Amino acid sequence: KAEPEDVDEDTWVLDLEDVEKESSKLLQKTRYAEKPFQSSKNRFAKGDVIYGKLRPYLDKVIVADEGGVCTTEMIPLRGYADISPFYLRLVMKTPHFIKYADDSTHGMNLPRLGTDRARMALFPIAPYNEQHRIVAKVDELMALCDQLEQQQTHSIEAHQTLVETLLGTLTRVASQQELTEAWTRIANHFDTLFITDHSIDQLKQTILQLAVMGKLVPQDPNDEPACELLSRKQDSAEENIPFRIPESWVWARVDGFAQTRLGKMLDKAKNKGTPVRYLRNVNVRWFDFDLSDVKEMRFEDSELEEFSLRRGDVLICEGGYPGRAAVWDERESNIYFQKAIHRVRFQNGVNPNYFVYVLRESADSGRLNSYFTGAGIQHFTGKGLASFLVPLPPLPEQHRIVAKVDELMALCDALKARLADAKTTQIHLADAIVEQAVA
């Protein structure tokens, strides 16, 4: 093929993807020898402003530090003698110009700023010396913003490390006295530790860890030992026990204290009967259900009891997000479930909310993953669920744990809401200050 005239192998060839969106940072410089262009029509010289007219909201605009060629997705601009290219670049990066360019595009899939509309754009032109002063001040303030951002990043990393360290001490304590001392250290600095969504999420995970380890509420010696709750005795001496639990607790597999089954297979060609609403795994969220999009499937009368739901049933995702679970609360009657969901039904010896808290803690810690099958797309099979090891407390203690976890989670959610309100107030304050500064 014919090569463009006057383009040697060392010529800089600029592509739209070579410029980072928003920051307009040049990500790489490629030479013609590495990526030849078929056309040299879009030539630019040192000092030209190169503007990315494709998807202008990406805000890609640079000042060339040497000559070269660019793709047709970019357009070189050159101001007259008294227009600083760096000032021109600043104007083209303002929200006002970006909105104008974005509103002036044509094309649906690949919107681009048209030449005629670009020529009609209005630019506020300052005196030449003032342009340089503006550019210098912007560069100074942007450098300060970068420095503040870097300091904030280091501060956030240090804060996260501190939170992880202090919360980690709670789960490693060996006695009630050590636990009290660890909680006291955290409580004394609560207002400075839990100031981000991430730190509050870490606190939630720690609460669940303490709950399933028997460290959240005290044991009552009058409680009947948990081993009496099992429908059949289990020998767990040889099991790989994840952590130590109180003496009144027991490690138990799910098949020792619950009935499990998958829902009905969806097969439009074979399913017969009356269309009824059924739950899919997308309807099961952690601790809740989303019934905004519920489908219908045909069920025969003889199948309705088999795939029915009762208050207290735990529904667990088999695939999609394996292990995600919630307790059915009968918010809707005559609704059934698909094969993508496990239904776990207990006898009187297990609090279903406690069981879901165990699942969530196991998911957060990574323990639950060992019960999944599949490398790419994972599944929580019936066999995996049946063998899942649960740290089972006496039933009265399960109730106390659930009540305490609910109480603490509500406090965490309230703390998150306060953070969100504070952020909104901070944003409004910052907007007001900027508005006053530029008025």
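A. Just the pattern of salt bridges, in detail. For the structure shown, the criterion picks out 23 salt bridges. Among the ionic pairs, Lys416 bridges to Asp201, the shortest N-O distance being 2.7 Å. Of this pair, Lys416 sits in helix α11 (residues 395-438) while Asp201 sits in helix α7 (residues 197-213); the two residues are 215 residues apart in sequence, bridging distant segments of the chain. Look at Asp201 and you get partly exposed, because its relative accessible area is 30%. Between Glu306 and Arg261 there is a salt bridge, and its shortest N-O distance comes to 2.7 Å. With a gap of 45 residues between them, Glu306 in the loop between α8 (301-304) and β16 (314-317) and Arg261 in strand β11 (residues 258-262) connect regions that are remote in the sequence. We classify Glu306 as partly exposed; its relative accessible area is 34%. A network of salt bridges, in which partner residues are shared, links Lys29, Arg31, Asp65 and Glu66.

B. View of the packing of aromatic side chains. Counting across every chain of the model gives 18 aromatic pairs. Judged by centre distance (6.3 Å) and plane angle (10°), the rings of Phe257 and Phe346 are stacked. Pair noted here: Phe257 is in the loop between β10 (250-253) and β11 and Phe346 is in strand β19 (residues 341-346), with a separation of 89 residues, a long-range link. In this structure Phe346 comes out as buried when scored by relative accessible area, which is 13%. Seen from their ring centres, Trp286 and Tyr321 are 6.5 Å apart, and the 90° between their planes marks the pair as edge-to-face. Within this pair, whereas Trp286 is found in the loop between β13 (284-285) and β14 (288-289), its partner Tyr321 is found in the loop between β16 and β17 (325-327), the two being separated by 35 residues in sequence. Of the residues examined, Trp286 reaches a relative accessible area of 15% and is grouped as buried. A network of ring pairs unites the aromatic residues Tyr51, Phe97, Tyr100 and Phe123 as a single cluster.

C. Structural context of the nonpolar core. Residues Phe257 and Phe355 are the most contacted members of the largest nonpolar core, which totals 62 residues. Grouped together as the second largest cluster of nonpolar side chains are 18 residues, Phe307, Trp328, Phe337 and Ile341 included.

D. Quick peek at unusual backbone geometry. The phi torsion at Arg55 lies on the positive side, around 50°, for a residue other than glycine. Mapped onto the elements, Arg55 comes out in the loop between β4 (49-52) and β5 (61-63). Using a relative accessible area of 27% as the deciding quantity, one classes Arg55 as partly exposed. Within the chain, Asn334 stands out as a residue other than glycine whose phi angle is a positive 55°.

E. Quick look at helix α5 (residues 176-188). Over its 13 residues, α5 runs 18 Å from end to end, which matches the ideal 18 Å to within 8%, given 1.5 Å per residue. Along α5, the residues that are buried comprise Leu179, Ala182 and Ile186. The buried residues of α5 occupy one face: seen down the axis, they fall within an arc of 65°. Opposite the packed face of α5, turned more than 90 degrees from it, sit the exposed residues Gln177, Ala187 and Asn188. On its buried side, α5 packs onto α4 (128-172), α6 (190-193) and α7.

F. Fine view of the packing of α4 against α7. Packing of α4 against α7 leaves a shortest axis separation of 10 Å and a crossing angle of 10°. Taken together, the axis directions place α4 and α7 in an arrangement best described as roughly parallel. Contact residues: α4 offers His159, Gln160, Val163, Glu164, Leu167, Leu170 and Thr171, while α7 offers His198, Ser199, Gln202, Leu203, Thr206, Gln209, Leu210 and Met213.

G. Structural context of the environment of Pro393. Following the sequence through the fold, Pro393 ends up in the loop between β20 (389-392) and α11. Considered as a pair, Pro393 and Phe372 are 21 residues apart in the sequence and their alpha carbons are 25 Å apart. Ignoring sequence-local partners within four residues, the contact set of Pro393 consists of Ala226, Leu229, Trp249, Tyr354, Gln398 and Ile401.

H. Expanded view of the sheet that holds strand β2 (residues 30-31). Reading across the sheet, the four strands line up as β2-β1-β6-β3 and stay open at both edges, with mixed pairing between neighbours. Edge strands, defined here as strands with exactly one partner in the open sheet, are β2 and β3 (43-44). Here three bridges tie strand β1 (residues 12-14) to strand β6 (residues 68-70), and the two strands are oriented parallel to one another. By the bridge assignment for β6, Leu14 is matched with Cys70.

I. Inspection of the pairing of strand β12 (residues 274-279) at higher detail. As paired strands, β12 and strand β15 (residues 295-299) are joined by five bridges and run antiparallel to one another. Its bridge partner lying in β15, Tyr278 is registered against Lys295. With two bridges connecting them, β12 and strand β18 (residues 336-337) associate as parallel partners. Counterpart to Tyr278 in the pairing with β18 is Tyr336.

J. Examining the sheet that holds β15 more closely. If you trace the three strands from one edge of the open sheet to the other, you get β15-β12-β18, paired in mixed fashion. Of all the strands in the sheet, the pair left with one neighbour each is β15 and β18.

K. Looking closely at α4. With 45 residues, α4 extends 66 Å from end C-alpha to end C-alpha; this agrees with the ideal 66 Å at 1.5 Å per step. Burial in α4 covers these residues: Gln131, Val135, His159, Val163, Leu166, Leu167, Gly168, Leu170 and Thr171. Those residues of α4 that are buried are in contact with α1 (85-92), α5, α6 and α7.

L. Region of the structure containing the side chain of Thr30. By the secondary structure assignment, Thr30 is in strand β2. Excluding residues within four positions of it along the chain, Thr30 makes contact with Thr11, Trp12, Val13, Asp18 and Lys35.

Rules used throughout
- Residues numbered from 1 in each chain as written.
- Predicted model: local features only at pLDDT ≥ 70, side-chain atom pairs only at ≥ 80, totals over all residues.
- Heavy atoms only, no water.
- Salt bridge = Lys/Arg side-chain N within 4 Å of Asp/Glu carboxyl O.
- Helix = DSSP H or I, 4+ residues; strand = E, 2+ residues; numbered from the N terminus.
- Buried < 20%, exposed > 50% of the residue type's maximum accessible area, 1.4 Å probe, protein only.
- Phe/Tyr/Trp six-rings, centres within 6.5 Å; stacked < 30°, edge-to-face > 60°.
- Core = buried A, V, L, I, M, F, W, Y, C linked by side-chain atoms within 4.5 Å.
- Expected span 1.5 Å × (residues − 1).
- Arc of directions from axis to C-beta.
- Contact = heavy atoms within 4.5 Å.
- Axes fitted to C-alpha atoms, helices over the stretch in contact; angles between N-to-C directions.
- Parallel < 35°, antiparallel > 145°, perpendicular 65-115°, else oblique.
- Pairing = 2+ DSSP bridges.

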